[in-house]
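Chain residues, written in single-letter form:
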Amino acid sequence: MHPRTYRALEALPPEERAAAEAAITRSAARRAMPAGQAEEEEVIRKVREEFPPLAIDPELAKALSALRAERERQGLSLSDVSERTGIDRATLSKLETGKVTNPTVGTLRALARALNKQLSWSLVDEPAGAGR
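Note that the structure is predicted; figures quoted are calculated from it, not measured.

Draft legend 1. Quick peek at the environment of Asp80. Considering the arrangement of structural elements, one finds Asp80 in helix H5 (residues 78–85). A C-alpha to C-alpha distance of 37 Å links Asp80 and Arg48, two positions 32 residues apart in sequence. Among the polar contacts listed, one links the side chain of Asp80 to the backbone nitrogen of Ser77, at a separation of 2.9 Å.

Draft legend 2. Region of interest: the pattern of salt bridges. On inspection of all chains with the given rule, the structure shows ten salt bridges. Notably, a salt bridge pairs Arg68 with Glu72, separated by 3.3 Å at the nearest N-O pair. Of this pair, Arg68 and Glu72 both sit in helix H4 (residues 58–73), separated by four residues, roughly a single helical turn. Glu72 gets classed as partly exposed once you look at its relative accessible area, which sits at 47%. The salt bridge involving Arg73 is made with Glu70; its shortest N-O contact spans 2.8 Å.

Draft legend 3. Just a negative patch on the surface, in detail. A cluster of acidic side chains, namely Asp57, Glu59, Asp125 and Glu126, defines a negative patch on the protein surface. With respect to the helices and strands, the residue Glu126 is situated in the segment after helix H7 (105–114).

Draft legend 4. Focus on the side chain of Glu70. With respect to the helices, strands and loops of the structure, Glu70 is situated in helix H4. Residue Glu70 is classed as buried on the basis of its relative accessible area, which comes to 13%. At a separation of 2.8 Å, a polar atom in the side chain of Glu70 contacts the side chain of Arg73. Discounting residues that sit within four places of it in the chain, Glu70 has contacts with Leu115 and Lys117.

Draft legend 5. Looking closely at unusual backbone geometry. Located in the positive-phi region is Asn116, a residue other than glycine, with phi close to 60°. By the element assignment, Asn116 lies in the segment after H7.

Draft legend 6. Highlighting the confidence of the model for the protein. Summing up the model confidence of the protein, the mean pLDDT is 91 and the portion of residues at 70 or higher is 98%. Averaged pLDDT values over the elements of the protein bottom out at 88 in helix H1 (residues 3–10) and peak at 97 in H5.

Thresholds applied
Residues numbered from 1 in each chain as written. Predicted model: local features only at pLDDT ≥ 70, side-chain atom pairs only at ≥ 80, totals over all residues. Heavy atoms only, no water. Helix = DSSP H or I, 4+ residues; strand = E, 2+ residues; numbered from the N terminus. Polar contact = N/O pair within 3.5 Å; in protein donor to acceptor, adjacent residues only side chain to side chain. Salt bridge = Lys/Arg side-chain N within 4 Å of Asp/Glu carboxyl O. Buried < 20%, exposed > 50% of the residue type's maximum accessible area, 1.4 Å probe, protein only. Patch = residues over 30% accessible without salt bridge, like charges linked within 9 Å, V, L, I, M, F, W, Y side chains within 5 Å. Areas by Shrake-Rupley, 256 points an atom, 1.4 Å probe, with all protein chains shown as cover. Lys, Arg positive; Asp, Glu negative; His and termini not counted. Charge placed at Lys NZ, Arg CZ, Asp CG, Glu CD. Contact = heavy atoms within 4.5 Å. pLDDT = per-residue confidence, 0-100.

Put into structure tokens, the structure is as follows:
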């Protein structure tokens, strides 16, 4: 059982805790059966179909790759950049590898600033036939 679940159960009155523990046990037993596993897999499939994982924008990925290359060019570790930005190393790593699909502008600015760089945007025309 997950520690947070255990702590939540501990906070319940005894009769509610017993009922919750029984429900958790029944649910675990059902998921252990082939029919329960198939049902769980179907629910997961439907959720992923309705809410597909976000993919990172290609231009954002390119910018993050450039920031990583600049960090490496300057000989800075993720720990160095973490100290400069206040962003933890794991998050910085996820940013650089595109696992954070929608970082805030503030986060991107902090990362650029830590590398003595500035973000710049420009508005350009779409190629003919692109867009709508």
